[in-house]
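# Observations on the three-dimensional arrangement
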Amino acid sequence: MIPEVVGPVVSARTGEEREWKMPDRCPFCGNPIVRPEGEKVARCTGGFSCPSRVREWLFHFASRGGMDIEGLGYQTIDLLMSKGWVKDPADIFTFDVDRLKEVEGWGDKSVENLRKAIEEAKKRPAHRLLTALGIRHVGATVARRLLRRFGSIPALLDASEDEIAAVDGVGPVIARSVAEWAADPENRKLVERLQAAGVNMEEETTTPGAGLEGVTLVITGTLSGYTREEAEAEIERRGGVAAGSVSRRTTALVVGADPGTTKLRRAEELGIPIIDEETFQRLLTEGRSVLDELTGSGNSR
């Protein structure tokens, strides 16, 4: 359910309300807050000298959508920052985890669990690391597309802006953002430190199973065998496109449990094949011939 603001509740007002205004300066670091012309988001200009921004960066890096480091939430990040043990993502993989045993509430088991989670994160696919770095406009889908093209994060950072923009589904805005990030020496040092710590930089470019080149799939509902991100990654590793909405370019709609009615209705209106998870699994294994078979038989389920 996506909430919508429909209006004020005037009857709940007390008369003590004050009009809220965006502060001119960041309350955490004192640097100016600006909102670039044409953009909706106001941002602190303090960069990573701002402790609040570093905190959010680390949380994003360790979150499920990033490197998925279980146990590294806000509370632990706050502790590590207050101790001066972690100042950026590379420190997560190099600080002495055993020092946590000095902290009340951290026993041997909790320390070992965090150590294991950090070690497991080193093996994540490179597109997860690229997403976790927090480059503007680079979410999970774009990260997968970029690394499917360039193969590794170092190769991506060495690519020209024009080469990046030429990747399907990327374009000039994202390309400029990536190129600017790559041009910053501090960002380069961060990637080098992550690599030296043993964090995977190479994307797996080949996957067992037939190819899905030219196939665009949209997923709705919950799949029992995959998270949404895992399913989209499987599609794109085989050369297909995982789109977020149904259009005339969609090859098929994959339907799991509790699907969204909007996507289903749109697929039915356009006559796009609708397949279940079992058929989706066959598609990953056998390739687009499965869709040709369905279309030829007139059975879209």
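Nothing here was measured: the structure is a model prediction, and the numbers come from that model. (Residues numbered from 1 in each chain as written. Predicted model: local features only at pLDDT ≥ 70, side-chain atom pairs only at ≥ 80, totals over all residues. Heavy atoms only, no water.)

Attention now goes to the confidence of the model for the protein chain. With 96% of its residues at a pLDDT of 70 or more, the protein chain shows a mean pLDDT of 90. Summarising per-element confidence for the protein chain, the mean pLDDT is lowest in helix α14 (residues 289–297) (75) and highest in helix α3 (residues 89–92) (97). (pLDDT = per-residue confidence, 0-100. Helix = DSSP H or I, 4+ residues; strand = E, 2+ residues; numbered from the N terminus.)

Applying the stated criterion across every chain, the model contains 4 aromatic pairs. When the centroid spacing of 4.0 Å and the interplanar angle of 25° are considered together, the rings of Phe 48 and Trp 57 count as stacked. Using a relative accessible area of 42% as the deciding quantity, one classes Phe 48 as partly exposed. Centre to centre, the rings of Phe 61 and Phe 93 are 6.1 Å apart; their planes meet at 75°, and the pair counts as edge-to-face. Taken together, the positions of Phe 61 in helix α1 (residues 51–62) and Phe 93 in the loop between α3 and α4 (108–121) put the pair 32 residues apart, joining distant regions of the chain. Grouping residues by exposure puts Phe 61 and Phe 93 together as buried. One cation-aromatic arrangement involves Arg 53 over Phe 48; the distance from NZ or CZ to the ring centre is 4.9 Å. (Phe/Tyr/Trp six-rings, centres within 6.5 Å; stacked < 30°, edge-to-face > 60°. Buried < 20%, exposed > 50% of the residue type's maximum accessible area, 1.4 Å probe, protein only. Lys NZ or Arg CZ within 6 Å of the ring centre and 35° of its normal.)

Residues Glu 277, Thr 279, Phe 280, Leu 283 and Leu 284 constitute the buried set of helix α13 (residues 277–286). Projected down its long axis, α13 shows its buried positions confined to an angular sector of 155°, all on one face. Following α13 by one or two positions, Gly 287 adopts a phi angle in the positive range, close to 95°. (Arc of directions from axis to C-beta.)

Counting 56 residues, the largest nonpolar core has Ile 69, Phe 93, Leu 100, Leu 146 and Leu 194 as its most contacted members. Aside from chain neighbours lying at most four places away, what touches Phe 93 is Phe 61, Met 67, Ile 69, Ile 118, Ala 121, Lys 122, Leu 194, Ala 197 and Val 199. By size, the runner-up hydrophobic cluster in this structure holds 18 residues, among which are Leu 212, Val 254, Leu 283 and Leu 291. (Core = buried A, V, L, I, M, F, W, Y, C linked by side-chain atoms within 4.5 Å. Contact = heavy atoms within 4.5 Å.)

Notably, Asp 68 is not glycine yet its phi reads approximately 50°, a positive angle. If you trace the backbone, Asp 68 turns up in the loop between α1 and α2 (74–83). A positive phi angle, near 50°, is found at Asp 258, a position not held by glycine. Following the sequence through the fold, Asp 258 ends up in the loop between β5 (252–255) and α12 (261–270).

The subject of this paragraph is the packing of helix α6 (residues 140–150) against helix α11 (residues 228–237). Where α6 contacts α11, the two axes come as close as 11 Å, and the packing angle between them is 25°. Judged by the angle between their axes, α6 and α11 are roughly parallel. Like other packed secondary-structure pairs, α6 and α11 cross with a definite hand, here right-handed. For the pair formed by α6 and α11, the contact residues are Ala 140, Thr 141, Arg 144, Arg 145 and Arg 148 on the first element and Glu 229, Glu 232, Ala 233 and Glu 236 on the second. Class assignment of the residues belonging to the contact of α6 with α11 gives a composition of 2 nonpolar, 1 polar and 6 charged. (Axes fitted to C-alpha atoms, helices over the stretch in contact; angles between N-to-C directions. Parallel < 35°, antiparallel > 145°, perpendicular 65-115°, else oblique. Left-handed = near helix turned anticlockwise from the far one by under 90°. Nonpolar A, V, L, I, M, F, W, Y, C, P; charged D, E, K, R; others polar.)

The next thing to look at is the side chain of Arg 124. Tracing the backbone through its elements, the reader meets Arg 124 in the loop between α4 and α5 (126–132). No salt bridge is formed by the buried Arg 124, whose closest oppositely charged neighbour, Asp 68, lies at an N-O distance of 4.2 Å. At 2.8 Å, the side chain of Arg 124 forms a polar contact with the backbone oxygen of Met 67. Residues within four places of Arg 124 in sequence aside, it is in contact with Met 67, Asp 68 and Asn 200. (Lys, Arg positive; Asp, Glu negative; His and termini not counted. Salt bridge = Lys/Arg side-chain N within 4 Å of Asp/Glu carboxyl O. Polar contact = N/O pair within 3.5 Å; in protein donor to acceptor, adjacent residues only side chain to side chain.)

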